[in-house]
Amino acid sequence: EEMPEVSAPTLGEAEGHDHGAQATASPRSRKYPPGARYRRFQPQAYRSDRDALLKSEYVNALARDVTAIVGVEGPIHVDLVAARLKEMHQVERLGSTVQANIDRAIDWAIRTLGRVARGSDTDFLVMKGETLKTFRIPGDGIERQIQFIAPEEIALAILHLVEDQFGMFRDQIPTAVVKLFGFERAGPEAADIIRNVLDGLVDGGRLRIVELQVYLP
């Protein structure tokens, strides 16, 4: 099902947010601010070590790398954590041994180092005790598909749009959200993910629906 075309709010650059420069806010006070530019973890070349991914005895060092990645990019999908580790340690293939060592390192980062936690969707990793303040728009060469964006980040994008537009038609929201994240159209999978997050916001009382339109409470 193709979603109707809508325009996402224009985003500019300004200073201030842990994850990068925020888009320029409108003059009125916002409860849900515009998106911040995504900031990618930048590995240090001298730390590159193929053995960290290939040998299980390096689990503690690899768990520290996981923590460092999540500290910059969290909430981040576990597949993207694996991609960063492959790049960092110059390993091209994600074979079963490498994947097992990454899974072990993620578990070690959560249970032993104690600074990383699973998000509301357990495919995402977050820093323990940190609260996401806004969603993140493309930046640092990163443009994420919806399935690699945490539900709480999608929720903040929806809330921002509804507040910015003083309410929106429900059917326009999936297309408007993907435009914020750098895409023109919401495919069926992306639209379903966004609708599920929207339904959760309504069920939780953070949004209300009047006929076909969605508003803040």
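Above this text is the structure in question.
Cut-off values and rules
- Residues numbered from 1 in each chain as written.
- Predicted model: local features only at pLDDT ≥ 70, side-chain atom pairs only at ≥ 80, totals over all residues.
- Heavy atoms only, no water.
- Helix = DSSP H or I, 4+ residues; strand = E, 2+ residues; numbered from the N terminus.
- Buried < 20%, exposed > 50% of the residue type's maximum accessible area, 1.4 Å probe, protein only.
- Contact = heavy atoms within 4.5 Å.
- Pairing = 2+ DSSP bridges.
- Axes fitted to C-alpha atoms, helices over the stretch in contact; angles between N-to-C directions.
- Parallel < 35°, antiparallel > 145°, perpendicular 65-115°, else oblique.
- Left-handed = near helix turned anticlockwise from the far one by under 90°.
- Nonpolar A, V, L, I, M, F, W, Y, C, P; charged D, E, K, R; others polar.
- Expected span 1.5 Å × (residues − 1).
- Core = buried A, V, L, I, M, F, W, Y, C linked by side-chain atoms within 4.5 Å.
- Salt bridge = Lys/Arg side-chain N within 4 Å of Asp/Glu carboxyl O.

Asker: In this structure, what is going on with the environment of T67? I would like to understand it.
Answerer: Within the element layout of this structure, T67 appears in helix α2 (residues 59-73). Using a relative accessible area of 6% as the deciding quantity, one classes T67 as buried. Placed 38 residues apart in sequence, T67 and A105 show a C-alpha to C-alpha distance of 9.5 Å. Ignoring anything within four residues of it in the chain, the contact list for T67 reads A109, L113, R115, V116 and M127.

Asker: Mind showing me how you'd approach the environment of L125 here?
Answerer: Along the chain, L125 falls in strand β4 (residues 124-127). Other than its neighbours up to four places away in sequence, L125 contacts V66, V70, G74, P75, I76, V78, V81, I106, I110, V116, A117 and R118.

Asker: I would appreciate a short explanation of the sheet that holds strand β8 (residues 213-215) in the present structure.
Answerer: Whenever strands of a sheet pair, they do so through backbone hydrogen bonds, lying parallel or antiparallel. Strand order across the open sheet formed by three strands is β6-β8-β7, with antiparallel pairing between neighbours. Unpaired on one side and paired on the other, β6 (168-169) and β7 (208-210) mark the two borders of the sheet. Pairing of β7 with β8, which is carried by three bridges, proceeds in the antiparallel orientation. Bridging from a neighbouring strand, R208 pairs with Y215 of β8.

Asker: What is the right way to read the packing of α2 against helix α3 (residues 78-88) from this model?
Answerer: Where α2 contacts α3, the two axes come as close as 10 Å, and the packing angle between them is 120°. Taken together, the axes of α2 and α3 lie oblique to each other. The handedness of the crossing between α2 and α3 is right-handed. For the pair α2 and α3, the contacting residues are L62, D65, V66, I69 and E73 in the first and V81, R84, L85 and M88 in the second. Here the contact of α2 with α3 is built from residues that sort into six nonpolar, no polar and three charged.

Asker: Honestly, helix α5 (residues 151-164) in this entry has me stumped. Any pointers?
Answerer: Along an α-helix, a turn takes 3.6 residues, which lines up residues three or four apart on a common side. For α5, which comprises 14 residues, the first-to-last C-alpha distance of 20 Å matches the rise-based estimate of 20 Å (1.5 Å per residue) to within 8%. Here α5 lies mainly inside the structure; 12 of its 14 residues are buried. Along α5, the residues classified as buried are E153, I154, A155, L156, A157, I158, L159, H160, L161, V162, E163 and D164. Phi for F166, located one or two positions after α5, is positive at around 55°.

Asker: How should the nonpolar core be read in this particular structure?
Answerer: Side chains of a nonpolar character, in soluble globular proteins, are inclined to be buried together. Of all hydrophobic cores here, the largest spans 30 residues; its most connected members are I146, I154, I158, I173, V177, I194 and L207. Elements represented by at least two residues in this core include exactly α5, α6 (173-180) and α7 (188-203). By residue number, the principal contributor to this core is α5, which donates eight residues. Contacts of I146, omitting those with residues within four sequence positions, involve I154, V177, V178, F181, A190, I193 and I194. Counting 29 residues, the second-largest nonpolar core is a separate cluster that includes V81, M88, I110 and V116.

Asker: Is there a simple way to think about unusual backbone geometry in this case?
Answerer: Look at the link from G74 to P75: it is a cis peptide, with omega at 0°. Following the sequence through the fold, P75 ends up in the loop between α2 and β2 (76-77). You will see that Q90, though not glycine, has its phi angle at about 55°, which is positive. When you line up the elements, Q90 lands in the loop between α3 and α4 (96-113). If you check the backbone angles, D140 has positive phi at about 60° while not being a glycine. In this fold, D140 is placed in the loop between β5 (136-137) and α5.

Asker: Is there a simple way to explain the sheet that holds β4 in this structure?
Answerer: What the three strands build is an open sheet, ordered β2-β4-β3; its pairing is antiparallel. Bordering the open sheet on either side are β2 and β3 (116-118), each of which pairs with just one other strand. Direction of pairing for β3 relative to β4: antiparallel, over a ladder of three bridges. Counted as the bridge partner of R118 is L125 from β4.

Asker: Could you clarify how one ought to interpret the pattern of salt bridges in this entry?
Answerer: Where charged atoms from two side chains of opposite charge approach closely, those side chains can pair. Throughout the structure, instances matching the rule amount to eight salt bridges. Two residues, D164 and R30, come together in a salt bridge whose shortest N-O distance is 2.8 Å. With D164 in helix α5 and R30 in the segment before β1 (36-37), this residue pair connects regions lying 134 residues apart in the sequence. The pair formed by D164 and R30 is uniform in burial state, with each residue classed as buried. The shortest N-O distance in the salt bridge between D192 and R195 comes to 3.0 Å. Residue D192 and its partner R195 are both found in helix α7; the two are separated by three residues, about one turn of the helix.

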